[in-house]
Amino acid sequence: MIYTHFNNQKGNVPNGLKVAESNEAVYGLTEIYRNKIQSARLVANPGCYPTTILLPLVPLLKARLIGLQDILIVSNSGVSGAGRSAKEANLYTEVSEGIFSYGITRHRHVPEIEQELSDAANSKVTVSFTPTLMPMVMLLHH
């Protein structure tokens, strides 16, 4: 299952979560789904990476200004975007003076990015997504 693969979790979904009917929920990117959000029972909150990727690409795909193939995304985030857990990879000595790529083949946001880009293009879109950590406190840059 996609959730298990991309979130390194065993089982289908976390306890207490139920799968919503597709007509009950809407993806919460207000710049794209403002009208649907107003009447939705459930709103899915997009993450930082998907938001900064989808806002420029969705309009370009809808207007057919870019192709559907070979979409390469490199997103740079400050280490504060890596969460608060104490991990060696997040230590200043590990991230200072360089850029650290992670989750290259299975980042948890890839399914939602591809879902939304495919919806915008009315065709299946797959992306190559490389998230990176930079020696900064806060930043998202593409």
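So, here's what we can say about the structure.

Scoring rules and cut-offs
- Residues numbered from 1 in each chain as written.
- Predicted model: local features only at pLDDT ≥ 70, side-chain atom pairs only at ≥ 80, totals over all residues.
- Heavy atoms only, no water.
- Helix = DSSP H or I, 4+ residues; strand = E, 2+ residues; numbered from the N terminus.
- Buried < 20%, exposed > 50% of the residue type's maximum accessible area, 1.4 Å probe, protein only.
- Contact = heavy atoms within 4.5 Å.
- Areas by Shrake-Rupley, 256 points an atom, 1.4 Å probe, with all protein chains shown as cover.
- Phe/Tyr/Trp six-rings, centres within 6.5 Å; stacked < 30°, edge-to-face > 60°.
- Core = buried A, V, L, I, M, F, W, Y, C linked by side-chain atoms within 4.5 Å.
- Pairing = 2+ DSSP bridges.

## Digging into the overall build of the chain
Of regular secondary structure, the chain possesses five helices and six strands. Burial status across the chain gives 32% buried among its 142 residues. Counting only contacts in the chain whose residues sit at least 6 apart along the sequence, the fraction spanning at least 24 positions is 67%. Of the accessible surface of the chain, which amounts to about 9500 Å², a share of 54% is contributed by carbon and sulfur atoms.

## Topic: the packing of aromatic side chains
Across all of its chains, the model carries one aromatic pair by this definition. When the centroid spacing of 5.4 Å and the interplanar angle of 75° are considered together, the rings of Tyr 49 and Phe 129 count as edge-to-face. Here Tyr 49 is found in helix α3 (residues 48–62), whereas its partner Phe 129 is found in strand β5 (residues 127–134), with 80 residues between them in sequence. Like Tyr 49, the residue Phe 129 is buried in the burial classification.

## Looking at the nonpolar core
Core analysis: the largest hydrophobic core is formed by 21 residues, its most contacted members being Ile 53, Ile 71, Ile 73, Leu 117, Val 127 and Phe 129. Ranked by the residues each element gives to this core, the list is headed by α3, at six residues. Residue contacts for Ile 71: discarding those within four places in its chain leaves Leu 57, Leu 61, Val 125, Thr 126, Val 127 and Ser 128.

## What to know about the pairing of strand β3 (residues 71–78)
Of all the eight residues making up β3, six are buried; the element is thus mostly covered by neighbouring parts of the structure. Sheet topology places β3 next to β5; eight bridges connect them, and they run parallel. Bridge assignment links Val 74 to a residue of β5, and that residue is Thr 130.

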